[in-house]
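# Examining the three-dimensional arrangement
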Amino acid sequence: MESKRVIIGADIAGFELKEEVKTHLEQLGFEITDVGMTEKENKIPFQEVGFRVGRAVSKGEFERGLLFCGSGMGIHLAAAKFSGVMCAVAESIPAAKRCVVANNCNILAMGGFYVAPYTGCQMAEEFLTSNFGDGQTERFVSFHENAYNDILNHDYQE
């Protein structure tokens, strides 16, 4: 990832995990823009948070984003509605890294019900410091790049 600017957001179920990850990333020098809940009293529905992050990444305002809800699934569905968004749901550090290295994902969603704070911090760090094709063979990269382009260019209206 070229930029250290990251957009994040959480609903009430992902709020605590998001706060831990946000603090960790700020300590690593990331510039965080939080467009979800910034305090527990200000509840925002998961889909609205997903729309906010998905829209910003789709418009190219941010290279990568992080989302947090109870499972990661609902917020992922909302973000993935935007053109150019490749959003992954992960619950482990290797999966968070792999979604970038193999699938060129630009948003990672995780669930506060299933991901412990330490794991969430490490997942976010791997996701944000990895790049498509890192450590892979030319054949691997070519195969996955073709698949990625097919997904991005698929005509869903057809």
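Our subject in this report is the structure included herewith.

## A closer look at the sheet that holds strand S1 (residues 5-10)
Pairing within the open sheet is parallel, and its 5 strands lie in the order S2-S1-S3-S5-S4. Looking at strand neighbours, the two that pair on one side only are strand S2 (31-34) and strand S4 (87-89), the edges of this open sheet. Direction aside, the axes of adjacent strands within the sheet are offset by 25° on average. Alignment of strand S3 (residues 64-69) against strand S5 (residues 107-111), held across 5 bridges, turns out to be parallel. In the sheet register, Cys 69 faces S5, and the bridge partner there is Gly 111. This element, helix H1 (residues 15-27), spans S1, S2, S3 and S5 of the sheet and lies at about 155° to S2.

## A few points about the nonpolar core
One finds Leu 66 and Leu 108 to be the most contacted residues of the largest nonpolar core, which totals 27 residues. Among the elements of the structure, S1, H1, S3, helix H4 (93-101), S5 and helix H5 (117-129) are those that each provide at least two residues to this core. Take this core: its biggest share by element is 5 residues, from H5. Formed by 17 residues, the second largest nonpolar core is a distinct cluster that contains Ile 7, Met 37, Val 57 and Cys 87.

## Some words on the packing of H4 against H5
Interaxial distance between H4 and H5 falls to 8 Å at its minimum, and their mutual angle equals 20°. For the element pair H4 / H5, the angle class is roughly parallel. Every pair of crossing elements has a handedness; the one defined by H4 and H5 is right-handed. The segment H4 lies against H5, with Ile 93, Ala 96, Lys 97, Cys 99 and Val 100 engaging Thr 119, Gln 122, Met 123, Glu 126 and Phe 127. Tallied by class, the residues present in the contact of H4 with H5 amount to 6 nonpolar, 2 polar and 2 charged.

## Focus on the packing of aromatic side chains
Tallied over the full model, the rule gives 2 aromatic pairs. With centroids separated by 6.2 Å and ring planes inclined at 70°, the aromatic side chains of Phe 51 and Phe 82 adopt a geometry described as edge-to-face. Within this pair, whereas Phe 51 is found in helix H2 (residues 46-58), its partner Phe 82 is found in the loop between helix H3 (73-79) and S4, the two being separated by 31 residues in sequence. Assessed through its relative accessible area of 28%, Phe 51 is described here as partly exposed. Arranged with centres 6.3 Å apart and planes meeting at 85°, the rings of Phe 113 and Tyr 114 form a pair that is edge-to-face. The pair Phe 113 / Tyr 114 is uniform in exposure class, with both members exposed. The aromatic ring of Phe 30 is capped on one face by Lys 4, whose charged end is 4.5 Å from the ring centroid. The ring of Phe 62 carries Arg 5 above its face, with NZ or CZ at 4.3 Å from the centroid.

Scoring rules and cut-offs
- Residues numbered from 1 in each chain as written.
- Predicted model: local features only at pLDDT ≥ 70, side-chain atom pairs only at ≥ 80, totals over all residues.
- Heavy atoms only, no water.
- Pairing = 2+ DSSP bridges.
- Helix = DSSP H or I, 4+ residues; strand = E, 2+ residues; numbered from the N terminus.
- Axes fitted to C-alpha atoms, helices over the stretch in contact; angles between N-to-C directions.
- Contact = heavy atoms within 4.5 Å.
- Core = buried A, V, L, I, M, F, W, Y, C linked by side-chain atoms within 4.5 Å.
- Buried < 20%, exposed > 50% of the residue type's maximum accessible area, 1.4 Å probe, protein only.
- Parallel < 35°, antiparallel > 145°, perpendicular 65-115°, else oblique.
- Left-handed = near helix turned anticlockwise from the far one by under 90°.
- Nonpolar A, V, L, I, M, F, W, Y, C, P; charged D, E, K, R; others polar.
- Phe/Tyr/Trp six-rings, centres within 6.5 Å; stacked < 30°, edge-to-face > 60°.
- Lys NZ or Arg CZ within 6 Å of the ring centre and 35° of its normal.

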